[in-house]
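If you want the building blocks of each chain, they are given just below.
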Amino acid sequence: MAQSGRFQLSVRILAVLASEPGAMHTSSAIAEELKESAVMVRRSFLLLHKAGLIEQKKGPHGGAKLKLPAKQIGLGDVFEASAGDWLSIEDKAVGAWIKKVRGDAVAAMNEHSLAGVVKRMKKTK
């Protein structure tokens, strides 16, 4: 899946988790709700867990839930969790510049929280 697709799926998954923040959500239930592959949802779970955005529990009553309140999760945080290595450049001068551009982009994205996304999604339903 392309970077933009991973980012979009991660935002959608987090929005589902944010809709019921205290509940555990299984990958299969989220996949069904989002009409996505359960495998892709589980892969996103791994990235989001590694980034500290969700917590997971195994077992019959397991699943995932937000580790932080939705208003504390910025879209830049989600991008960083899901984007992977973004545009690797051999030239050190250009690579340093690209790293700064990415940092600026992530900072700008973090001006918008997951809570804002969820609020907008509710308005469009």
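None of these values were measured; they are calculated from a predicted model.

Peer 1: So what's going on with the overall build of the chain? Residues and values would help.
Peer 2: Looking only at helices and strands, one finds six helices and two strands in the chain. Written out in order from the N terminus, the α and β elements of the chain read α-α-α-β-β-α-α-α. Computed over C-alpha atoms, the radius of gyration of the chain comes to 15 Å, within 12% of the 14 Å expected from 2.2 N^0.38 for 125 residues, which places it in the range of a compact globule. Each of the 125 residues in the chain was classed as buried or not, and the buried ones make up 35%. Relative to all contacts within the chain whose residues are 6 or more apart in sequence, the contacts with residues 24 or more apart total 61%. As presented, the chain carries roughly 7,900 Å² of accessible surface, and 56% of it is formed by carbon and sulfur atoms. Both charge centroids of the chain, one from 20 positive and one from 12 negative side chains, sit 6 Å from each other.

Peer 1: Which residues make up the pattern of salt bridges, and what values go with them?
Peer 2: Scanning the model with the defined rule gives four salt bridges in all. With a shortest N-O distance of 2.7 Å, K100 and D104 are connected by a salt bridge. With K100 and D104 both in helix α5 (residues 92-109) and four residues apart, this pair spans about one turn of that helix. By relative accessible area, which is 43% here, D104 ends up partly exposed.

Cut-offs and rules
- Residues numbered from 1 in each chain as written.
- Predicted model: local features only at pLDDT ≥ 70, side-chain atom pairs only at ≥ 80, totals over all residues.
- Heavy atoms only, no water.
- Helix = DSSP H or I, 4+ residues; strand = E, 2+ residues; numbered from the N terminus.
- Rg over C-alpha atoms; globule rule 2.2 N^0.38 Å.
- Buried < 20%, exposed > 50% of the residue type's maximum accessible area, 1.4 Å probe, protein only.
- Contact = heavy atoms within 4.5 Å.
- Areas by Shrake-Rupley, 256 points an atom, 1.4 Å probe, with all protein chains shown as cover.
- Lys, Arg positive; Asp, Glu negative; His and termini not counted.
- Charge placed at Lys NZ, Arg CZ, Asp CG, Glu CD.
- Salt bridge = Lys/Arg side-chain N within 4 Å of Asp/Glu carboxyl O.

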